Amino acid sequence: MQQQKMEKVQQHQWWRAVRSRLSYKNATIVVCLFNIITVLLLLQGFFYSSSSKLPTSNKALYRHTKESEDIRRTMIPRDLIQRVREIGQDIYIETEQIQQKDVKQTAAVDLISRLNNFRSYTDAGSNKALEEWRKRKMERARQRSLVKNGTASSQPY
């Protein structure tokens, strides 16, 4: 019995020694360290398992994306797009020419109306000189437009 009492006393003393070293502060630190180590191990396992899968899936994804881009590029109707652009440019040039002709026609109509109004107030000699001046001006304008367009010919119309 005495030996049992001695063992109990020794256990009690041992517990006091442990308890004196293990304060709440020390216990909190031990628990926190244990939690940190656990979290680090879990994160390492998570990242290691996902990183081992990523290179193969990245390669497959990259290959799939590259193939998709190549297929998309081959399906682009480049000839059709180029032809549409050419037609658009032709139409733009033609509309500019039509607008220039319209401007010239309105200027000619305006000049004719002014001349008609002016003729009513002037005598026959001035009308003849004015008509000749108008013809010369129109001929010069026609010659300039022919030279501008590069279709100048030596034959007068």
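Quick caveat, the model's predicted, so the values are computed rather than measured. (Residues numbered from 1 in each chain as written. Predicted model: local features only at pLDDT ≥ 70, side-chain atom pairs only at ≥ 80, totals over all residues. Heavy atoms only, no water.)

Even after reading the chapter, I still don't get the overall build of the chain, so can you show me in this structure?
A count of helical and extended segments in the chain gives four helices and zero strands. When the helices and strands of the chain are listed from N to C terminus, the series reads α-α-α-α. Looking at the chain as a whole, 3% of its 157 residues are labelled buried. Entry remark: accessible area of the chain is about 14,900 Å², with carbon and sulfur atoms responsible for 61%. (Helix = DSSP H or I, 4+ residues; strand = E, 2+ residues; numbered from the N terminus. Buried < 20%, exposed > 50% of the residue type's maximum accessible area, 1.4 Å probe, protein only. Areas by Shrake-Rupley, 256 points an atom, 1.4 Å probe, with all protein chains shown as cover.)

Explain the pattern of salt bridges to me, please; I cannot follow it from the model alone.
For side chains of opposite charge, pairing can occur when their charged atoms come near one another. The full count for this structure, using the stated rule, is six salt bridges. For R73, the salt bridge is made with E69, and the minimal N-O distance between the two is 3.8 Å. One end of the pair, R73, and the other, E69, are both in helix 2 (residues 24–75), four residues apart, so they sit about a helical turn from each other. On the basis of relative accessibility, which here comes to 31%, the residue E69 falls in the partly exposed class. When the shortest N-O distance is used, the salt bridge between E131 and R134 registers 2.4 Å. One end of the pair, E131, and the other, R134, are both in helix 4 (residues 124–149), three residues apart, so they sit about a helical turn from each other. The class of E131 is partly exposed, set by a relative accessible area of 21%. The exposure class assigned to R134 is buried, which follows from its relative accessible area of 19%. (Salt bridge = Lys/Arg side-chain N within 4 Å of Asp/Glu carboxyl O.)

It is not clear to me how a positive patch on the surface should be interpreted in this structure. Could you clarify?
A surface patch of like charges, here positive, comprises K101, K104, R136, K137, R140, R144 and K148. The element contributing the most residues to the positive patch is helix 4, with five residues. You can see R140 is positioned in helix 4. Given the relative accessible area of 45%, R140 is considered partly exposed. (Patch = residues over 30% accessible without salt bridge, like charges linked within 9 Å, V, L, I, M, F, W, Y side chains within 5 Å. Lys, Arg positive; Asp, Glu negative; His and termini not counted. Charge placed at Lys NZ, Arg CZ, Asp CG, Glu CD.)

Any functional reading would require information beyond the geometric quantities listed.
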